[in-house]
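Residues per chain are reported as follows:
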Amino acid sequence: MNMNQVVLCRALLTAVGLAIATTALAQSYEVPGTLKASELAPAALLNGPFHSVEENVTLAGAQPNFTIRSPYGIWEARGQEMLAIRVSELPAFEQLAKVSNSDEFMKSAKTAAAAPVKAVGQFVESPLETTGNVLSGIGLIVSRVGRVAEKSATRVGDTMAGNTPAQKEILKPAVTPLGTAAPRVLIGDPLGYNQQRREWAQRLKVDPYTFNGALSDKLGEVASVTFASSFPVNLVLGSVIAPLYYAQQFNEQATLEAYQTPALDIWTRNEARLKKLGIEGLSARNFLRNNYFTPTLQTALVLALESMGNVAGRDQAIVFAARAASETEARYVNNSVMMLNHYGRTVVPLTVIRGADNVLAGETRDGKLVVAAPLDYLPWVQPLDDFARRTDLKGTERWLLVSGKVTPLAQQELAALAWRVSDKLATAR
């Protein structure tokens, strides 16, 4: 065998070795099959008087996609948190059905449909149609018109100045879950309609700004009748079953504010809260304008950042949050901050937090890196492998906080890449 043949032989052997290694690496990834709802969520969420959840569950990114079937509709819920929220909303449908079918309500609905409503010197001839859509002009409470105009003008100024570049989505784009509505645009309170909507939501123990399309529509219908007639909120509504959803302390306060305070006032209050944290200007405005951060979710995030204390980088968390392009992403941001907040208060204080592409990370004084992953199921797949090898995520120790389950193979491979994992942290949200 001459020298050329030796070189060729070695090249072939190297190529075969690389091919075998590549194949082995590809085969080392997990291919999640159909998951079981009973393995991912408590039994109390899977069956109830108003619903059942399909046992087979698919994955949407790193979140299980549950399918809820009910006499009131079919919904998909991304992750256990959304499953709990959707299930907790079902008793409201039962109560609203009783209200809508009552003689008093139907009589008031006829009266409301026929009676014009005077607002800002003009008559609105079809109040039920008008209030179903939040208008941009008629009916704004006069004291708030200036703030609404200022908010819109600022937005135009930012855009014209080129200060609002396109943002990269936080998570992998996914189809909107079945039954999820687009966010409502809230610019004021036409004729006091939104106040009626908030009162109904509080009585029903649901979020007035829910993304549940069917429930949002029902709230709109009854609020229209209440605002345009003399039908009182509490005339027919009986005792409402408490929601089967444990709200973390920040969410509890955020929900209370959502019930009691007009959306525009919440916007102003959160702007002032952010300013006290040293967060103002364009980054704050971009966050506050993001309609996926409803008044409820917006307040929950601001309160969580407030609770972290004097941690550097909270402004970067707001920049990160402004990128949210869905309810799923907004909740991902909120839960990431809450997990880091909980870690910093109960394990080791954090000195800084920062956005790092698709994750929020915290750092301790001694250089430990802590990354929040509020996800329900992490198998060993290429995106997780890519994450684990990122060169921008360095620390004396590297910790990954996961709210759900991490498969044994993922645990093993992460450990081999010098990551420590703390999972099943749902209660830390």
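Here, every reference points to the structure presented above.
Residues numbered from 1 in each chain as written. Predicted model: local features only at pLDDT ≥ 70, side-chain atom pairs only at ≥ 80, totals over all residues. Heavy atoms only, no water.

**Q** How should I be thinking about empty space enclosed by the protein in this particular structure?
**A** To find the voids left in a structure, one rolls a probe of water-molecule size over its atoms. Going through the model one piece at a time under the given rule, you end up with three cavities of 30 Å³ or more. By volume, the largest cavity is sized at about 120 Å³. In terms of lining, the largest cavity is formed by 15 residues, of which the most central are Q63, R78, E81, T328 and R331. For the lining of the largest cavity, the secondary structure elements donating two or more residues are α4 (79–100) and α15 (327–346). Partitioned by chemical class, the residues of the lining of the largest cavity number five nonpolar, five polar and five charged. (1 Å grid on protein atoms, 1.4 Å probe; cavity = no way out; pocket = protein on both sides within 12 Å on 5 of 7 lines; lining within 4 Å. Points joined across faces, edges and corners; volume = space filled by probe spheres on them. Helix = DSSP H or I, 4+ residues; strand = E, 2+ residues; numbered from the N terminus. Nonpolar A, V, L, I, M, F, W, Y, C, P; charged D, E, K, R; others polar.)

**Q** Got a minute to help me understand the sheet that holds strand β15 (residues 420–422) in this structure?
**A** Sheet strands pair via backbone hydrogen bonds, and the direction of the pair is either parallel or antiparallel. Spatial ordering of the open sheet is given by β9-β10-β11-β13-β15, a layout of five strands whose pairing is mixed. Edge positions in the sheet fall to β9 (350–356) and β15, since each of these pairs with one other strand and no more. Strand-to-strand, the axes of this sheet are offset by a mean angle of 25°, without reference to chain direction. Across five bridges, strand β11 (residues 369–373) lies against strand β13 (residues 398–402) in parallel orientation. Following the sheet pairing, V370 is matched in β13 by W399. (Pairing = 2+ DSSP bridges. Axes fitted to C-alpha atoms, helices over the stretch in contact; angles between N-to-C directions.)

**Q** Could you clarify how one ought to interpret the pattern of salt bridges in this entry?
**A** Should their charged atoms come close, side chains of opposite charge can pair. The full count for this structure, using the stated rule, is 12 salt bridges. The partner of R69 in a salt bridge is E54, with the nearest N and O atoms 2.6 Å apart. Linking R69 in strand β5 (residues 63–70) with E54 in the loop between β3 (51–53) and β4 (56–60), this pair joins segments that are 15 residues apart in sequence. For R69, a relative accessible area of 40% translates into the label partly exposed. Given a relative accessible area of 29%, E54 falls into the partly exposed group. Taken together, the shared-partner salt bridges connect E81, R86, E89, E327 and R331 into one network. (Salt bridge = Lys/Arg side-chain N within 4 Å of Asp/Glu carboxyl O. Buried < 20%, exposed > 50% of the residue type's maximum accessible area, 1.4 Å probe, protein only.)

**Q** For this particular structure, what's the right way to read helix α11 (residues 263–276)?
**A** Each α-helix turn comprises 3.6 residues. Residues three or four places apart therefore point the same way. Spanning 14 residues, α11 covers 20 Å between terminal C-alpha atoms, matching the ideal 20 Å at 1.5 Å per step. Residues of α11 that are buried: A263, L264, D265, I266, W267, N270, R273 and L274. Positive backbone phi, at 85°, marks G278, one or two positions downstream of α11. (Expected span 1.5 Å × (residues − 1).)

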